[in-house]
Amino acid sequence: MATDTTTRTVTRPVTEFADTRLDSQIPDGPIEGTWDKHRVQMKLVNPANKRKYTIIVVGSGLAGASAAATMAELGYNVKCFFYQDSARRAHSIAAQGGINAAKNYRNDGDSIYRLFYDTVKGGDFRAREANVYRLAQVSLNIIDQCAAQGVPFAREYGGLLDNRSFGGAQVSRTFYARGQTGQQLLIGAYQALSRQVAAGKVQIFPRTEMLDLVLINDRARGIVTRDMVTGKIESHLGDAVVLGTGGYGNVFYLSTNAKGCNATAIWRAHRKGAFFANPCYTQIHPTCIPVSGDHQSKLTLMSESLRNDGRIWVPKKAGDTRDPRNIPEGERDYYLEERYPSFGNLVPRDVASRNAKQVCDDGRGVGSGGLGVYLDFSDAIKRLGEQVIRERYGNLFHMYQKITAENPYEVPMRIYPAVHYTMGGLWVDYNLMSSIPGLFVIGEANFSDHGANRLGASALMQGLADGYFVLPYTIGNYLAQATFDKVSVDHPSFRETEQEVDQRTKRLLAINGKRSVDSFHRELGKLVWDYCGMGRNEQGLQLALERIPALREEFWQNVRVLGDAADLNQELEKAGRVADFLEFAELMTTDALHRAESCGGHFREESQTPEGEAKRDDEHFSYAAAWQFTGVGKKPVLHKEPLEFEYVKPSQRSYK
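Note that the coordinates shown come from a computational prediction; the quantities given were computed from them, not determined experimentally. (Residues numbered from 1 in each chain as written. Predicted model: local features only at pLDDT ≥ 70, side-chain atom pairs only at ≥ 80, totals over all residues. Heavy atoms only, no water.)

Regarding the overall build of the protein chain
Part 1: Looking only at helices and strands, the protein chain has 17 helices and 21 strands in total.
Part 2: Taken over the C-alpha trace, the protein chain has a radius of gyration of 24 Å; the compact-globule value for 656 residues is 26 Å, and the two agree within 12%.
Part 3: By its C-alpha atoms, the protein chain is 75 × 60 × 50 Å across when sized along the principal axes.
Part 4: Of the contacts formed within the protein chain by residues at least 6 apart in sequence, a portion of 74% connects residues at least 24 apart.
Part 5: Carbon and sulfur atoms make up 47% of the accessible area of the protein chain, which amounts to about 24900 Å² in all.
Part 6: Here the protein chain contributes 79 positive and 78 negative side-chain charges, whose respective centroids are spaced 3 Å apart. (Helix = DSSP H or I, 4+ residues; strand = E, 2+ residues; numbered from the N terminus. Rg over C-alpha atoms; globule rule 2.2 N^0.38 Å. Contact = heavy atoms within 4.5 Å. Areas by Shrake-Rupley, 256 points an atom, 1.4 Å probe, with all protein chains shown as cover. Lys, Arg positive; Asp, Glu negative; His and termini not counted. Charge placed at Lys NZ, Arg CZ, Asp CG, Glu CD.)

Below is the structure:
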């Protein structure tokens, strides 16, 4: 492949491979038949030979659990690693609102093509068309699979599966199990996984953290882990490695993610050569309980499903501190309904979040500190009755009342945007394989399906699509063609990687500084939120790129990690993860500075329409930015995968 290695200054110098075309492995032909054609053309592994292969799966969420269970069902030997005490505690349970599928049960005009169109448009034309179309196709199978597993989807009076609307769509395509859809889907995948554990085809490793990837002859052949209870460092050999470890939202410290969610697995793989694509694409969720004080270590998400029946508003007058029940209808600004009449409160997440920030910046925010807007169910309760609202959202209302001591049946909820999902991740081709042969990346850990903004209820769809219906085909295609050296965990590559992991651990424990791990994480989080959060500009990003390396240097000189390595040590776990976040944050900010356009969740303040909407620059930035690691503190190398839109032509997104 021809490359251009000249250094070009955008706003921060990066080495840019401007003509490099990353091989996405997309088959030729009409998009409607691409996946079917590819499945026919892929190489197969004989059933008798599958038991000769071992596949390592890191993560037990929807993507990891479904992949591990399905590949074991096919006959492969699978090792599944997760840091929780049970596979059922993966963060997928937090996706409450629903899962999309183009079943068109409501006969309201939905189709595979419409789901494909909505997803490409919702991602602001920054996703790969072929991957998105496949996702829409496979969505049909996901619902059948999960219903067969016993997932208790909501049903209409006659027994048919029910649907509701979600942001970014004008049809009802979201299947749900009250306000706990992710939990119920994960239980289904967990049942399938447990069956294979009992059959001896899956070996699970709970309370075990992946700390590095092992390459042999430039192929991913294993991982090095730490037992989080005993501290034991171990190596595990496989014929392919699958990462289903979620996103990097906790780089912001305060996010809707569980505290344990981290970027260590994908970042260590990046350090070993896996390209990291579009790290600046982070999603801000508009429906979160506002921050209540400095004591908080995470934020609580209220499902986007609430926007089906709740109306979002703020007082028209700045500084209006009256009880919301005492503010007359004529003095309320239902700003989403006014500004986006076609979609109203169901605009995509990036649009809803930016508008909430704008009205709060104008001084019309509500609650302590003025960082909140109202989500009001009074009209819905009058129209449908309180019992219907209890049936639809009762557990969410209960959770809100427990946290805020306010009854949302009587007083409007207060919500404000917060960091949620991340659309960037390790670069993968159509087969879900990274730039390292044998390293596959699924679910939120990869970059492939959502572009610059994920539509609500599509995270669960992608995780299960990858695990149940895509990876089992593509990993077989890889194994059928790869040639493997016969090695063991005594191979020098394993020994060297173990040594690196051990030395890093000892270094963290030996610093004995004066600052806690959390203090560094909190400072980093505020830094990236202020300068690389909902709004970004060149000056702020450049400032962040000066301060992040300085903070990282201080961390390695002044962090204090108590305890030792040969025991349960949560401070040590956090220290390793924060060290990775301190490296990753620099790449994320570099990517945000380099992408001098607004698209989806990446909003550059210099690039907006007169109406304040995101303004893309298709001429210069219609590509996936895949970054290559060159060393800590060194400028990464940029590779570009051009994005071609044959079926959904890029246009200015409008939800009016």
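From this point on, the discussion continues.
Remarks on the sheet that holds strand β17 (residues 413-422)
Sheet strands pair via backbone hydrogen bonds, and the direction of the pair is either parallel or antiparallel.
Part 1: One open sheet accounts for five strands, arranged β13-β17-β16-β14-β15; its pairing is antiparallel. Across the chains shown, the open sheet's two edge strands, defined by having one partner strand only, are β13 (282-288) and β15 (332-333).
Part 2: Sheet topology note: the strand β16 (residues 373-376)/β17 ladder contains three bridges and is antiparallel. Residue leucine 375 lies in a different strand from β17, and its bridge partner there is methionine 413.
Part 3: Against the sheet, helix α9 (residues 349-364) touches β13, β14 (311-315), β15, β16 and β17, its axis set at about 65 degrees to β13. (Pairing = 2+ DSSP bridges. Axes fitted to C-alpha atoms, helices over the stretch in contact; angles between N-to-C directions.)

As for the packing of aromatic side chains
Part 1: Using the criterion set out here, one finds 29 aromatic pairs in the structure.
Part 2: Relative to phenylalanine 175, the ring of phenylalanine 153 lies with its centre 6.1 Å away and its plane at 65 degrees, an arrangement referred to as edge-to-face. In this pair, phenylalanine 153 sits in the loop between α5 (129-148) and β6 (174-175) while phenylalanine 175 sits in strand β6, placing the two residues 22 residues apart along the sequence.
Part 3: Classification of phenylalanine 153 as buried rests on a relative accessible area of 4%.
Part 4: Pairing tryptophan 313 with tyrosine 334 gives two aromatic rings, centres 6.3 Å apart and planes at 50 degrees, and the pair type is tilted. (Phe/Tyr/Trp six-rings, centres within 6.5 Å; stacked < 30°, edge-to-face > 60°. Buried < 20%, exposed > 50% of the residue type's maximum accessible area, 1.4 Å probe, protein only.)

What to know about the sheet that holds strand β7 (residues 202-205)
Part 1: Overall, parallel pairing links the five strands, which are arranged β7-β4-β3-β11-β19 in an open sheet. Across the chains shown, the open sheet's two edge strands, defined by having one partner strand only, are β7 and β19 (439-441). Recorded for the sheet is a direction-independent mean angle of 20 degrees between the axes of neighbouring strands.
Part 2: Strands β3 (54-58), β11 (240-243) and β19 of the sheet are contacted by helix α12 (residues 459-481), whose axis makes an angle of about 155 degrees with β11.

Let's talk about the confidence of the model for the protein chain
Part 1: Confidence in the prediction of the protein chain, expressed as mean pLDDT, is 94, and 97% of residues score 70 or more.
Part 2: Note that residues 1-13 has pLDDT below 50 and, in this model, 30 contacts with residues that lie over four places away or in other chains. (pLDDT = per-residue confidence, 0-100.)

Some thoughts on the nonpolar core
Part 1: Counting 176 residues, the largest nonpolar core has Met71, Ile99, Leu243, Leu439 and Phe555 as its most contacted members.
Part 2: Split by domain, the residues of this core number at least three in each of domain 1 (32-281 + 423-649) and domain 2 (285-420).
Part 3: Those residues in contact with phenylalanine 555, other than ones at most four positions away along the chain, are Leu508, Ile511, Phe520, Ala575, Val578, Ala579 and Leu582. (Core = buried A, V, L, I, M, F, W, Y, C linked by side-chain atoms within 4.5 Å. Domains from an automatic or database assignment.)

So, the packing of helix α14 (residues 517-532) against helix α15 (residues 538-558)
Part 1: Remark: α14 packs on α15, axes separated minimally by 10 Å, with the N-to-C direction vectors making an angle of 175 degrees. It follows that α14 is roughly antiparallel to α15 by the angle criterion. Between α14, through Phe520, Glu523, Leu524, Leu527, Val528, Tyr531 and Cys532, and α15, the contact on the second element is made entirely by Gly540, Leu541, Leu543, Ala544, Arg547, Ile548, Leu551, Glu554, Phe555 and Asn558.
Part 2: Split by residue class, the contact of α14 with α15 holds 12 nonpolar, two polar and three charged. (Parallel < 35°, antiparallel > 145°, perpendicular 65-115°, else oblique. Nonpolar A, V, L, I, M, F, W, Y, C, P; charged D, E, K, R; others polar.)

What about the domain arrangement of the protein chain?
Part 1: Under the domain assignment used here, the protein chain contains domain 1 (32-281 + 423-649) and domain 2 (285-420).
Part 2: Of the residues lining the interface, 37 residues belong to domain 1; the matching set on domain 2 comes to 39 residues.
Part 3: Across the interface of domain 1 and domain 2, roughly 3100 Å² is buried in total on both sides, 51% from carbon and sulfur atoms.
Part 4: At the junction of domain 1 and domain 2, the tally comes to one salt bridge. (Buried area = accessible area lost by both parts, 1.4 Å probe. Salt bridge = Lys/Arg side-chain N within 4 Å of Asp/Glu carboxyl O.)

Thoughts on the side chain of threonine 70
Part 1: In this fold, threonine 70 is placed in helix α3 (residues 62-74).
Part 2: Classification of threonine 70 by relative accessible area gives buried; the value is 16%.
Part 3: Ignoring sequence-local partners within four residues, the contact set of threonine 70 consists of Gly467, Tyr468 and Pro472.

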